[in-house]
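Single-letter residue listing:
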Amino acid sequence: MRLRAIATSAIVTLAFSNATYADAKLEEALTPYFDLDRNGLDQREKSAMIEHIKGLQARAVHTVEFERQEIKRSDDDWRYGLLLRDAYATGVFLDSKEGISDAGALFSYTKNFRSGGEVFAATGALMFGAVGELNRNFNGDYDVFRATRVGFLGGVEFDTKWVNGQRGGSLAARFGAELETAQGGLFPYQYWKMDGIYSTDFDGTADVFSLEARWMPISDVLPIGKTWSLDGGRSAWLYFRPTLNLDYTYVGDNGQYASLTPGSSYLWTGLKADIALFFTAGPLQRFSLNAKYIYMHNVIDDGSDSINYGQVAAKYVLNDSGSTFLQARYTYGNTPRTLQRKNEIYVGLTILFGDLNR
């Protein structure tokens, strides 16, 4: 969308120079798009322009790459791509450059030459995603609820380990749709997502069927959903992205998932959140910290089998494209859907590829 591309570049430039949205150069650039009757901005048109700029400020996040980047998107553009990541998106992916995740899949091999023992582990998700623009006939009224973008994401998630040739772990086939909506108020942008999942173990004996729904808001004035500068836009950035969730699972056969009961249903509701600290300049530019936390209360059976899962990770990017990096991460708790217990540390090389930005 041409207006979004021009205005986003201007907003990011101003944000890093500590200017305000009332800058004369910015108003001059946007005036032709809001002066609908071509006789100068009246009060209503100027108010609409200022509200639009405020909305863009809420989404002008974390990197000056936007100042150097030409964003050429027509109203009917679809972006799509094949993606390899550490996991299927915990939250939503239509926010902030459609980043599915900045963490890569991990593959590791360990051999004990004294005992001859071997361990191979692979954890990640291979997905195909698509994002399309909506609301092509926007009338300029930012207080009217409207759908702005839609996305689809599907693929296979794997968390597997071979120990001396004995395989174990989980596989899940997933497909989901996501909608971005906009309206004035405390949360000018909101995201709505629904996923269908089929999970099984590596022997193919487990049959676990799930539906997951989530909602994520982005606030103009609260540190929710958007990226916040910790040093006036110079280098250090923090984001907190929580989602409210409702997950339903039915277990046909539990297979290797001993914590699940065959023929039972589970209904979890609660919070999934990502918190990240990263840097866009200086000696720490290639370093970042990320924490993921999930708490889901099982409303069936008085809260038994609730989910309490956390992961803390540190990574150092090895190449300019950010596709290969060293990572150390610690995972603890019972995993969503399968309730498998985790208490493990991983240190090694991880890789990712693909994006939805072009």
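About the criteria used
Residues numbered from 1 in each chain as written. Predicted model: local features only at pLDDT ≥ 70, side-chain atom pairs only at ≥ 80, totals over all residues. Heavy atoms only, no water. pLDDT = per-residue confidence, 0-100. Contact = heavy atoms within 4.5 Å. Pairing = 2+ DSSP bridges. Helix = DSSP H or I, 4+ residues; strand = E, 2+ residues; numbered from the N terminus. Patch = residues over 30% accessible without salt bridge, like charges linked within 9 Å, V, L, I, M, F, W, Y side chains within 5 Å. Areas by Shrake-Rupley, 256 points an atom, 1.4 Å probe, with all protein chains shown as cover. Salt bridge = Lys/Arg side-chain N within 4 Å of Asp/Glu carboxyl O. Buried < 20%, exposed > 50% of the residue type's maximum accessible area, 1.4 Å probe, protein only. Core = buried A, V, L, I, M, F, W, Y, C linked by side-chain atoms within 4.5 Å.

Draft legend 1. Looking closely at the confidence of the model for the protein. Averaged over the protein, the pLDDT score is 75; the fraction of residues at 70 or greater is 69%. Ignoring residues within four places in sequence, the model shows residues 1–22, a span with pLDDT below 50, making 47 contacts including any to other chains. The model gives residues 96–102 a pLDDT under 50, and that stretch makes 28 contacts with residues more than four places away or in other chains.

Draft legend 2. Fine view of the pairing of strand S6 (residues 189–201). Here strand S5 (residues 166–182) runs beside S6; their pairing, made up of 13 bridges, is antiparallel. Its bridge partner being in S6, Ala172 is matched across the sheet by Ser199. Taking the residues that link successive antiparallel strands as the turn, the S5-S6 hairpin has 6 residues, and the phi of Gly185 there is positive, at about 115 degrees. Of the pairings in the sheet, the one linking S6 to strand S7 (residues 207–218) comprises 11 bridges and is antiparallel in character. Its bridge partner lying in S7, Trp192 is registered against Trp215. Counted between consecutive antiparallel strands, the loop separating S6 from S7 contains 5 residues, among which Gly204 sits at a positive phi close to 75 degrees.

Draft legend 3. Looking closely at a nonpolar patch on the surface. Taken together, the side chains of Trp78, Tyr80, Leu82, Leu126, Phe128, Phe152 and Phe175 make up a nonpolar region of the molecular surface, amounting to roughly 740 Å² of accessible area. Among the elements of the structure, strand S1 (78–85) and strand S3 (118–133) are those that each provide at least two residues to the nonpolar patch. The dominant element in the nonpolar patch, judged by the number of residues it contributes, is S1, at 3 residues. Relative to the helices and strands, Trp78 resides in strand S1.

Draft legend 4. Molecular detail of the side chain of Asp201. Relative to the helices and strands, Asp201 resides in strand S6. Note on Asp201: relative accessible area 1%, which makes it buried. What Asp201 contacts, discounting residues up to four positions off in sequence, is Gly169, Ala206, Asn254, Gly255, Gln256 and Tyr257.

Draft legend 5. Local environment of unusual backbone geometry. Notably, Asp305 is not glycine yet its phi reads approximately 65 degrees, a positive angle. Assignment of secondary structure puts Asp305 in the loop between strand S11 (287–298) and strand S12 (307–317). Phi is positive for Arg337, which is not a glycine, with a value near 75 degrees. Within the element layout of this structure, Arg337 appears in the loop between strand S13 (324–334) and strand S14 (341–351).

Draft legend 6. Seen up close, the nonpolar core. Of all hydrophobic cores here, the largest spans 12 residues; its members are Ala206, Val208, Val251, Tyr257, Leu260, Tyr266, Trp268, Ile294, Met296, Ile307, Tyr309 and Leu339. Among residues more than four places away in sequence, those in contact with Met296 are Asn245, Asp247, Trp268, Thr269, Gly270, Leu271, Lys272, Ser306 and Ile307.

Draft legend 7. Layout of the environment of Gly81. By the secondary structure assignment, Gly81 is in strand S1. The spacing of Gly81 and Phe128 is 47 residues in sequence and 5.8 Å in space, taken between C-alpha atoms.

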